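# Overview (structure and organization)
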Amino acid sequence: MKTLVYLLLLSWLGIFTELQAEERTVTITTNVGVMKAKLYENVPNHVKTFIERAQRGEYDGTLFTRTIKDFMIQGGAADSRNAAPGVRVGAGDPSAEILPEMRPEYFHKKGALAAPRQNDDVNPQRKSDMSQFFIVEGKVYRSGELDTLEKVQNYKIRQKALKLYYHPQRAKLDSLKKADPRTYNQRIAVVRNKVDSLILATPGHLVFTDEQRKAYTTVGGCHHLDGQYTIFGELIEGFDVLDIIANQKTDKYDRPLKDIKIIKVTID
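Notes on the structure in this doc start here. Computed from a prediction, not measured in an experiment: that's the story for all the values here.

## What to know about the overall build of the chain
A tally of regular secondary structure across the chain gives seven helices and 10 strands. Expected size for 268 residues packed as a compact globule is a radius of gyration near 18 Å; at 24 Å, the chain overshoots this value by more than 25%. Dimensions of the chain, computed from the C-alpha atoms along their principal axes, are close to 75 × 70 × 35 Å. Considering only residue pairs separated by 6 or more positions, the chain has 75% of its internal contacts joining residues 24 or more positions apart. Counting every atom, the chain has about 15,500 Å² of accessible surface; 54% of that belongs to carbon and sulfur. Charge-centre separation for the chain: the mean point of 40 positive side chains lies 9 Å from the mean point of 34 negative side chains.

Laid out in structure tokens, this is it:
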């Protein structure tokens, strides 16, 4: 009897766990198609807030108010519901702000689901405005473009590091280059490691991970948004719908000339 109860408990726990996993997805139904995204478990407050707002229907009937080709689509703002054509919509809601939960493993590849926010000058804590959401379309980068971006971003830091670790022993290293190549290679490797370590330890540096490089050179994304916004999920279906929305003709405020309506946001 105890064995039967134990097995039933395990079975129930398995079903419960499966249901929990299934609840971590969202379906966004629009008038031009359906997108589906998975929600990240380790961004709990954003996911919880997003789910609660979706279950209350707060995104239903709103518009994608800002769509920019090769960048992103943004929607959900309450002031866009039943908005007249040509009216500027998409205002933020300070009462819907929550503290950021930025995680370094998540970056703005195509399909990233994230929360918008006000600029740093009025929002130094980088709080997320959960009254809306955006989905990245981005662009595909060449590997050489990413190399150039790193070099440009890290130039001043690298010059500082070279001044500290290379210039004081440059003459000695130059003399070793021909006289003792093996020792030269060993010492120059130490210098390079110190330079790289300083770059990585300095705020504002840019070094793409292998995962970022793979994503940005294949599916694409918006690298310059990394570290600026909280990402709490990613598309798993409906990338064609994302492209349709991002490629809409828009007015001067980036609002599509043809309304792209969010019919329903459903937590599955």
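## Some remarks on the sheet that holds strand β6 (residues 112–114)
Across the sheet, which stays open at both edges, the eight strands sit in the order β3-β4-β8-β6-β9-β2-β1-β10 with antiparallel pairing between neighbours. Whereas interior strands pair on both sides, the edge strands pair on one side only; in this sheet they are β3 (64–68) and β10 (262–267). Adjacent strand axes in the sheet meet at a mean angle of 25 degrees when their direction is disregarded. The strands touched by helix α2 (residues 44–55) within the sheet are β1 (25–30), β2 (33–39), β8 (133–136), β9 (231–237) and β10, with β10 carrying the most contacts at an inclination of about 125 degrees. Each of β1, β2, β3, β4 (72–75), β8 and β9 is contacted by helix α7 (residues 239–246), which is oriented at about 115 degrees to β2, the strand it contacts most.

## Things to note about the pairing of β9
By the criterion of burial, β9 is predominantly enclosed, with five of the seven residues buried. Examined bridge by bridge, β2 and β9 share four bridges and lie antiparallel to one another. When the bridges of β9 are listed, Lys38 appears paired with Glu234.

## Quick word on the nonpolar core
Grouped burial of nonpolar side chains is what soluble globular proteins tend to show. Grouped together as the largest cluster of nonpolar side chains are 39 residues, with contacts concentrated most on Met35, Phe50, Phe133, Ile135 and Phe232. When neighbours within four sequence positions are excluded, Ile135 is seen to be in contact with Ile28, Met35, Met72, Ile73, Gly111, Ala112, Leu113, Leu235 and Leu242. Residues Ile157, Ala161, Leu198 and Ile199 belong to the second largest nonpolar core, which totals 11 residues.

## Details of the packing of helix α4 (residues 170–179) against helix α5 (residues 181–201)
Where α4 contacts α5, the axes come no closer than 6 Å and their chain directions differ by 140 degrees. Comparing the axis directions of α4 and α5 gives the class oblique. Note on packing geometry: the crossing formed by α4 with α5 is left-handed. Contacts from Lys172, Leu173, Leu176, Lys177, Lys178 and Ala179 of α4 reach α5 at Pro181, Thr183, Tyr184, Arg187, Ile188 and Val191. Counted by class, the contact of α4 with α5 contains seven nonpolar, one polar and four charged residues.

## A look at unusual backbone geometry
Backbone geometry at Arg126 places phi at a positive 60 degrees, although glycine is not the residue there. Mapped onto the secondary structure, Arg126 falls in the loop between β6 and β7 (128–129). One non-glycine residue, Asp254, lies in positive phi territory at about 70 degrees. Here Asp254 falls in the partly exposed class, since its relative accessible area comes to 24%.

Conventions and cut-offs
Residues numbered from 1 in each chain as written. Predicted model: local features only at pLDDT ≥ 70, side-chain atom pairs only at ≥ 80, totals over all residues. Heavy atoms only, no water. Helix = DSSP H or I, 4+ residues; strand = E, 2+ residues; numbered from the N terminus. Rg over C-alpha atoms; globule rule 2.2 N^0.38 Å. Contact = heavy atoms within 4.5 Å. Areas by Shrake-Rupley, 256 points an atom, 1.4 Å probe, with all protein chains shown as cover. Lys, Arg positive; Asp, Glu negative; His and termini not counted. Charge placed at Lys NZ, Arg CZ, Asp CG, Glu CD. Pairing = 2+ DSSP bridges. Axes fitted to C-alpha atoms, helices over the stretch in contact; angles between N-to-C directions. Buried < 20%, exposed > 50% of the residue type's maximum accessible area, 1.4 Å probe, protein only. Core = buried A, V, L, I, M, F, W, Y, C linked by side-chain atoms within 4.5 Å. Parallel < 35°, antiparallel > 145°, perpendicular 65-115°, else oblique. Left-handed = near helix turned anticlockwise from the far one by under 90°. Nonpolar A, V, L, I, M, F, W, Y, C, P; charged D, E, K, R; others polar.

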